Amino acid sequence: MHKKKCELIKESSYFFRLSKYQKKIIEAIKDKKLLWPEKKRNEILMRLKEPLKDLSISRQKVEWGIPLPFDRTMTVFVWVDALINYLSTVDYPNKKYKDFWPAVHVIGPDIVWHHTVIWYSLLLASGIKLPKVIVHGFINLNGEKLSKARGVTIDPLELANKYSTDSLRYFLIRNIPFGEDGDFDEKALIERHNNELANKLGNLVSRVAALAEKYGVERSENKLLKQLKLKEIEKNFKEYKLDRALSEIFAFIDICNEYVQEKKPWVSGDKKILYELVESIKEIAELLLPFIPETSEKIAKQFSAKSIKKGEILFKKI
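Thresholds applied
- Residues numbered from 1 in each chain as written.
- Predicted model: local features only at pLDDT ≥ 70, side-chain atom pairs only at ≥ 80, totals over all residues.
- Heavy atoms only, no water.
- Pairing = 2+ DSSP bridges.
- Helix = DSSP H or I, 4+ residues; strand = E, 2+ residues; numbered from the N terminus.
- Buried < 20%, exposed > 50% of the residue type's maximum accessible area, 1.4 Å probe, protein only.
- Phe/Tyr/Trp six-rings, centres within 6.5 Å; stacked < 30°, edge-to-face > 60°.
- Lys NZ or Arg CZ within 6 Å of the ring centre and 35° of its normal.
- Polar contact = N/O pair within 3.5 Å; in protein donor to acceptor, adjacent residues only side chain to side chain.
- Contact = heavy atoms within 4.5 Å.

Asks: Where do I start with the sheet that holds strand β8 (residues 132-135) in this structure?
Replies: In a beta sheet, neighbouring strands are held together by backbone hydrogen bonds and run either parallel or antiparallel to one another. Taking strand neighbours across the sheet as the criterion, the 3 strands line up as β2-β8-β7 in an open arrangement whose pairing is parallel. With one partner strand each, in any of the chains shown, β2 (35-36) and β7 (104-107) form the two edges of the open sheet. Of the strand pairs in this sheet, β2 and β8 are connected by 2 bridges, and their pairing is parallel. Looking at β8, one finds that Leu35 is bridged to Val133.

Asks: Which parts of the structure should I look at to understand the pairing of β7?
Replies: Both faces of the sheet carry side chains from a regular strand, because those side chains alternate between them. The side-chain alternation of β7 yields one buried face, formed by His105 and Ile107, and one unburied face, formed by Val104 and Val106. Relative to β8, β7 runs parallel, the two being bridged by 4 bridges. By the bridge assignment for β8, Ile107 is matched with Val135.

Asks: Mind showing me how you'd approach the packing of aromatic side chains here?
Replies: The geometry of an aromatic ring pair is captured by the separation of the ring centres together with the interplanar angle, meaning the angle of the planes. Under the definition given, this model contains 12 aromatic pairs. Among the aromatic side chains, those forming a connected cluster through ring pairs are Tyr86, Tyr92, Tyr97, Trp101 and Trp119. Positioned over the ring face of Trp113 is Arg47, at 3.8 Å from the centre of the ring.

Asks: Teacher, can you tell me more about the side chain of Ser296 here?
Replies: With respect to the element layout, Ser296 can be found in helix α13 (residues 293-304). At 3.3 Å, the side chain of Ser296 and the backbone oxygen of Leu288 are in polar contact. Contacts of Ser296, omitting those with residues within four sequence positions, involve Ala285, Leu288 and Leu289.

Asks: So what exactly am I meant to see when it comes to the environment of Lys162 here?
Replies: Here Lys162 is to be found in helix α6 (residues 156-163). By relative accessible area, Lys162 is classed as exposed at 52%. A C-alpha to C-alpha distance of 9.6 Å links Lys162 and Ile318, two positions 156 residues apart in sequence.

See below:
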């Protein structure tokens with residue numbers, strides 16, 4: 001909240017008949033596939049139990065806005081202008097729009113009303129299919145919502161330079177369930193970076209690459225890969241449980257590390273064991289691509305080469 005006092009202003013305005021679309025909006029939002037998560041869907045439906053008031057779409061005293069096309073003495077209400085922009089970015093009504101619409105729209109939890117009730121009404125009035133709306137949570141600092149106005153800030157560029165973009169992405173997705181609010185904690189970020197990215201993933205990749213370079217690989221049945229719970233991971237992806245998907249992927253990374261310790265390929269030089277590990281790491285890299293894209297691409301390139309060589313350290317310990 002900006003904590004500024006409200007100022008009462010009286011002026012003429014044009015209105016959009018929002019009330020006309022109330023029943024259709026309720027029907028659309030009740031479709032579970034259209035608004036996620038469920039708590040936000042229920043929140044909007046609860047508000048829609050009250051009659052909708054028509055929406056003021058113009059401003060008489062806001063000079064910096066875009067002029068209203070049919071009355072140049074007024075400017076467009078900012079949320080009408082903003083919602084129109086989503087269509088213009090996909091070149092409505094041309095090919096790009098046809099390829100990408102209806103979209104999946106990801107927004108913050110404080111603007112769900114604007115992107116469902118208001119936006120859906122405007123789209124219904126225009127005869128345009130409704131997009132799916134996904135609501136993420138807020139990142140807080142010491143329990144307080146980030147705010148430039150109040151000086152509660154985190155510099156993402158500084159953090160990305162300090163720890164790498166992939167480490168930052170990984171921490172946020174792993175620590176904060178998607179759709180929920182969560183606290184940013186730099187100490188927790190360092191722990192995740194060191195214990196999971198460096199120790200578990202980085203160490204596995206480094207050891208297997210060095211052994212594959214030394215002994216080579218020989219195609220065989222990959223019994224190790226059968227322990228990967230792929231269906232569970234896919235289910236978590238579909239349900240937007242991204243932290244749980246990561247948990248399952250790293251559970252398999254643990255299995256791979258235990259397999260290295262159990263089979264001791266540095267003693268046996270077993271090329272079939274190394275083949276299982278190499279193929280498993282390639283699968284891990286593909287699964288981690290949405291989370292840590294730069295690192296995943298490095299791993300995929302390293303392990304898809306004709307002759308695998310030990311590369312640079314993926315994650316240096318902090």
